[in-house]
Amino acid sequence: MRSNRMPTRRAVTTITPQRISFAGGGTDLPRYYEANEGSVISSAIDQYIYVTVKKHSKLFKEEFRLSYSKTEHVDDVNKIENGIARECIKLLDIDGPLYISTAADLPASSGLGSSSSFAVGLLHALHTIKGERVSASQLAEEACQVEIECLKNPIGKQDQYAAAFGGLNHFTFKTNGRVIIDHMVIENNLLDYIFDNSLLVWSGVQRDANNILSAQNEKVETRTSQYEILKNDTLRMKEYLLNPDKELLNNVGSMLERSWQIKKGVEETITNEGIEDIHTLIRKNGSLGGKLSGAGGGGFFFEIIPKSKQPKIIEMYGSSRVIKIKHEPLGSRILSEVW
């Protein structure tokens, strides 16, 4: 039998993509899929989380040093404030001294799954430091265990799987927790065409998704009809992508718009007057449809905007708030390693 062991590493850096959801967002929440099954179509994008793990020198006289939006120096893993880092280290039973740092291409709490990408990327680096090969499925499930079971975050499972596997996928979340992955293979350059005719527009608001998702979870049983529409829309979106025609951009835009209108009825705090004003203005200036990414409340709008209309949006909001993105075919991977 082939061994899953490799030589241990002294330092490892991973690169892990974030994601955009095309349809079905929200149906990956356990409170929904455990009763009804969930369905999501999402694509990894070329915006990344970078995680470095290094065996720390004992000369620093500290067991764990972490560098992210803040810096931590602690001697006991249980004293680490960063919940994901703490629980990943505990899950893999790794002793110090250890140094962990992370960086990102885009701000945190922006609806692109950055927390789960961090969890996947950190687990990948920690396994590699230990000399362990690990599959994308194991990374995704361990990240779900850390975020959902250990930390009790009221989130779903799509972000962890998108980060681990990369590519364009149709995920089905079975009632027993199993995840079925249909890696979608579509016409050459089709995804490039869609992303060339889309933009991310920053709302200017970073938000705590857990607060919104907690409120959303409490109302799942009373919003079943909305979730059923969101779930069924994944099949329509899949048909558009697998059998494209000249109305592809209009179809994708209208589906994103439909999803946004339905999600606003699932939980009121998903939107507010300021967010609605931004979306309305983008629509008036060329968008064929779009939605706020992730849980809502802030972050990025993902809008289908023909290339000819994009300069106007960039002029309106400035290049710092408008991001061009591409499809990312790969999931979490090793960027560098030192023996």
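Residues numbered from 1 in each chain as written. Predicted model: local features only at pLDDT ≥ 70, side-chain atom pairs only at ≥ 80, totals over all residues. Heavy atoms only, no water.

**Focus: the sheet that holds strand 10 (residues 300-304)**
What links the strands of a sheet is backbone hydrogen bonding, and the strands pair in either a parallel or an antiparallel sense. Note the cut-off: By the convention used here, strands pair only if DSSP detects at least 2 bridges between them. Secondary structure is summarised from DSSP: a helix means a run of H or I of at least four residues, a strand means a run of E of at least two, and numbering begins at the N terminus for each. Residue contacts are defined here by distance: any two heavy atoms, one from each residue, within 4.5 Å place the two residues in contact. The angle between two axes is taken between their N-to-C directions and runs from 0 to 180 degrees, where each axis is a line fitted to C-alpha atoms and a helix contributes only its stretch in contact.
With respect to topology, 4 strands assemble into an open sheet ordered 9-10-8-11, the strand pairing being antiparallel. Edge positions in the sheet fall to strand 9 (290-292) and strand 11 (322-323), since each of these pairs with one other strand and no more. Bridge count for strand 8 (residues 198-202) against strand 10 is 5 bridges, and the pairing is antiparallel. Residue pairing across strands places Ser198 opposite Ile304, the latter belonging to strand 10. Contacts from helix 10 (residues 273-284) reach strand 8, strand 9 and strand 10 within the one sheet, and its direction differs from that of strand 10 by about 20°. Across the face of the sheet, helix 11 (residues 310-317) comes into contact with strand 8 and strand 11 while running at roughly 10° to strand 8.

**What about the packing of helix 3 (residues 114-129) against helix 4 (residues 136-150)?**
For clarity, the threshold we go by: What sets the label is the angle itself: under 35 degrees gives roughly parallel, over 145 gives roughly antiparallel, 65 to 115 gives roughly perpendicular, and the rest give oblique. Crossing handedness is read from the near helix: turned anticlockwise from the far helix by less than a right angle, it gives a left-handed crossing, and turned clockwise, a right-handed one.
At a closest axis distance of 9 Å, the pairing of helix 3 and helix 4 adopts a crossing angle of 120°. When the interaxial angle is binned, helix 3 and helix 4 end up oblique. The crossing of helix 3 and helix 4 is right-handed. Across the interface between the two elements, Ser115, Ser116, Ala119, Val120, Leu123, His124 and His127 of helix 3 pack against Gln138, Leu139, Glu142, Ala143 and Glu147 of helix 4.

**Observations concerning the packing of aromatic side chains**
The condition is simple: Only rings of Phe, Tyr and Trp enter the pairing, Trp through its six-membered ring, and a pair is recorded when the two centres are within 6.5 Å. The plane angle decides the type: under 30 degrees is stacked, over 60 is edge-to-face, the rest tilted. Three labels apply to residues, based on accessible area from a 1.4 Å probe with only protein chains included: buried if under 20% of the type maximum, exposed if over 50%, partly exposed otherwise in between.
Scanning the model with the defined rule gives 11 aromatic pairs in all. Between Phe195 and Phe302, the ring centres sit 6.2 Å apart and the planes meet at 40°, which makes this aromatic pair tilted. Here Phe302 lies in strand 10 and Phe195 lies in helix 6 (residues 190-196), a separation of 107 residues in the sequence. The buried category is assigned to Phe195, whose relative accessible area is 1%.

**A closer look at the environment of Glu315**
Locating Glu315 in the fold gives a position in helix 11. In this structure the C-alpha to C-alpha distance between Glu315 and Asn232, which are 83 residues apart in sequence, comes to 37 Å.

**So, the nonpolar core**
To keep it simple, the criterion reads: As used in this record, nonpolar core signifies buried Ala, Val, Leu, Ile, Met, Phe, Trp, Tyr and Cys residues forming a set joined through side-chain atoms within 4.5 Å.
Counting residues in hydrophobic clusters, the biggest one holds 50 residues, and the most contacted among them are Val53, Ile89, Leu122 and Leu126. Residue contributions to this core peak at 8 residues, all from helix 3. The contact partners of Ile89, leaving out residues within four places of it in the chain, are Phe64, Val77, Ile80, Ile94, Leu98, Ile100 and Leu126. Counting residues in each nonpolar core, the second largest holds 29 residues, with Ile41, Leu191, Met255 and Phe302 among its members.

**Remarks on the packing of helix 3 against helix 5 (residues 158-165)**
Each packed pair of helices is defined by two parameters, the angle between the axes and the distance between the axes. In contact at an axis separation of 8 Å, helix 3 and helix 5 are set at 50° when each is read in the N-to-C sense. Taken together, the axis directions place helix 3 and helix 5 in an arrangement best described as oblique. Regarding helix 3 and helix 5, the two cross each other, and that crossing is right-handed. Between helix 3, through Ser116, Ser117 and Val120, and helix 5, the contact on the second element is made entirely by Asp159, Gln160, Ala163 and Ala164.

**Notes on helix 2 (residues 83-92)**
The condition that has to hold: Under the rule applied, a polar contact is a pair of N or O atoms within 3.5 Å (in protein, one hydrogen donor and one hydrogen acceptor; residues adjacent in sequence only if both atoms are side-chain atoms).
Burial analysis of helix 2 places 8 of its 10 residues in the buried class, the great majority of the element. Among all positions in helix 2, only Gly83, Ile84, Ala85, Arg86, Glu87, Cys88, Ile89 and Leu92 are buried. Where helix 2 is buried, its residues touch strand 3 (64-67), strand 5 (98-104), helix 3 and helix 4. N-cap assignment for helix 2: the residue whose side-chain oxygen lies 3.3 Å from the backbone N of Ile84 is Asn82. Taken from the residues just after helix 2, Asp93 is the one with a positive phi, measuring 55°.

**Overview of the side chain of Asn82**
Take Asn82: it is sitting in the loop between strand 4 (71-74) and helix 2. Look at Asn82 and you get buried, because its relative accessible area is 14%. Separated by 3.3 Å, the side chain of Asn82 and the backbone nitrogen of Ile84 make a polar contact. Only 3.0 Å separates the side chain of Asn82 from the backbone nitrogen of Ala85, close enough to count as a polar contact. In this view, Asn82 contacts Leu66, Tyr68, Glu72 and Phe118; residues no more than four positions away in its chain are not counted.

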